[in-house]
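Structural features, examined
Listed below, chain by chain, are the residues.
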Amino acid sequence: MDSATSELPTHRTPLRDTAETGLKIVVVGGFGVGKTTLVRSVSEIRPLNTEEVMTQAGVGVDETEGVSAKTTTTVAFDFGRISLNDRMVLYLFGAPGQERFWFLWDRLFSGTLGAVVLVDTRRMDDSWYAIDRLEHHRTPFVVAVNRFDDDGVRHSLDEIRQALALPEHVPMVDCDARVRASGKDVLITLVNHLHDLATAKEATL
């Protein structure tokens with residue numbers, strides 16, 4: 001991904017008085033995959049983030065291969081908000097990607113309806129932990145492949161699904177985390193997936 005950045009809201013969008021349903025969504029994935037960028041690009045409010053400048057203390061601790069140009073890192077979580085309609089609001093939490101902050105993930109998963117797993121095909125192995133923890137918590141999720149400009153090999157979604165051993169019922173989409181419309185498409189895919197799961201469950205009752 002190049003140096004292009006997503007737009008930040010220039011003013012705070014107040015929560016509608018008609019809002020009555022809040023849905024908690026978590027964005028997870030490996031270090032430097034674009035979680036902060038995705039939350040920032042889709043949030044209708046200026047997002048809360050806990051990015052800090054990377055220092056020498058992280059050398060040898062944080063795996064930076066493939067993301068050597070990265071200068072900041074999330075040390076707690078990102079938070080944003082997006083209204084789906086007059087009544088439904090998504091609250092977005094971006095989880096930190098480094099292994100030393102994974103202990104925060106289980107707390108972030110509490111009360112979560114669903115999750116987005118961001119994947120960087122240059123660092124595919126970084127996706128395993130996120131998928132494993134979501135499956136452990138039985139949290140529904142979709143996989144979004146964040147396409148980076150300097151990725152010389154463009155693997156197909158089918159190839160990525162096979163590499164991650166994902167079952168067919170898990171939705172996969174391409175995305176550009178910098179682009180608001182693309183990020184919204186990812187969230188719509190997740191909401192539709194959650195709706196389909198809920199409908200299927202009701203049908204069995």
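The name recorded for the protein chain in an unreviewed UniProt entry is Signal recognition particle receptor subunit beta, from Streptomyces thermodiastaticus. Among the UniProt annotations of the protein chain, the heading Sequence similarities (unreviewed entry) holds the following wording: "Belongs to the GPN-loop GTPase family."

This part takes up unusual backbone geometry. One non-glycine residue, Arg138, adopts positive backbone phi at about 55 degrees. Relative to the assigned elements, Arg138 resides in the loop between helix H3 (128-136) and strand S7 (141-146). Accessibility expressed as a relative area gives 77% for Arg138, which makes it exposed. The backbone of Ala165 shows a phi angle near 55 degrees, a positive value even though the residue is not glycine.

This structure, assessed with the given rule, holds 1 cavity of 30 Å³ or more. Roughly 40 Å³ of internal volume is contained in the largest cavity. In terms of lining residues, the largest cavity is bounded by Gly30, Phe31, Val33, Leu118, Asp120, Arg123, Asp126 and Ser127. In the lining of the largest cavity, the residues fall into 3 nonpolar, 2 polar and 3 charged.

Attention now moves to the pattern of salt bridges. Two side chains that carry opposite charge are able to pair once their charged atoms sit near each other. Summed over all chains, the structure comprises 6 salt bridges. For the salt bridge of Asp126 with Arg123, the shortest nitrogen-to-oxygen distance reads 2.9 Å. We classify Arg123 as buried; its relative accessible area is 10%. Among the ionic pairs, Arg178 bridges to Asp149, the shortest N-O distance being 3.3 Å. Taken together, the positions of Arg178 in the loop between strand S8 (172-175) and helix H5 (180-203) and Asp149 in the loop between S7 and helix H4 (157-164) put the pair 29 residues apart, joining distant regions of the chain. Each of the salt bridges in this network shares a partner with another, and the network as a whole consists of Asp149, Asp176 and Arg178.

Reading the values: rules and limits
- All chains use their own residue numbering, which begins from 1 and follows the written sequence.
- Note on the predicted model: pLDDT of at least 70 is required for a residue's local features to be given, and 80 or more for side-chain atom pairs to be given and counted; whole-chain, interface and lining totals, by contrast, use all residues.
- Think of the side-chain values as coming from all heavy atoms in the structure, minus any hydrogens and water.
- UniProt positions are given in the numbering used here, feature names are shortened, and annotations may be inferred rather than shown by experiment.
- The numbering of helices and of strands both runs from the N terminus, where a helix is a DSSP run of H or I of at least 4 residues and a strand a run of E of at least 2.
- Buried, partly exposed and exposed residues are distinguished by accessible area as a fraction of the type maximum, computed with a 1.4 Å probe on protein chains only: under 20%, between the cut-offs, and over 50%, respectively.
- Cavities and pockets were defined on a 1 Å grid built over protein atoms only: a cavity is a set of grid points that admits a 1.4 Å probe from which the probe cannot escape, a pocket is an open set flanked by protein on both sides within 12 Å along at least five of seven lines, and lining residues are those with an atom within 4 Å of any such point.
- Grid points are joined across faces, edges and corners, and a volume is the space filled by probe spheres set on the points.
- For this scheme, ten residues count as nonpolar: Ala, Val, Leu, Ile, Met, Phe, Trp, Tyr, Cys and Pro. Four count as charged, namely Asp, Glu, Lys and Arg, and the remainder, Gly too, count as polar.
- Only one rule defines a salt bridge in this text: a Lys or Arg side-chain nitrogen within 4 Å of an Asp or Glu carboxyl oxygen.

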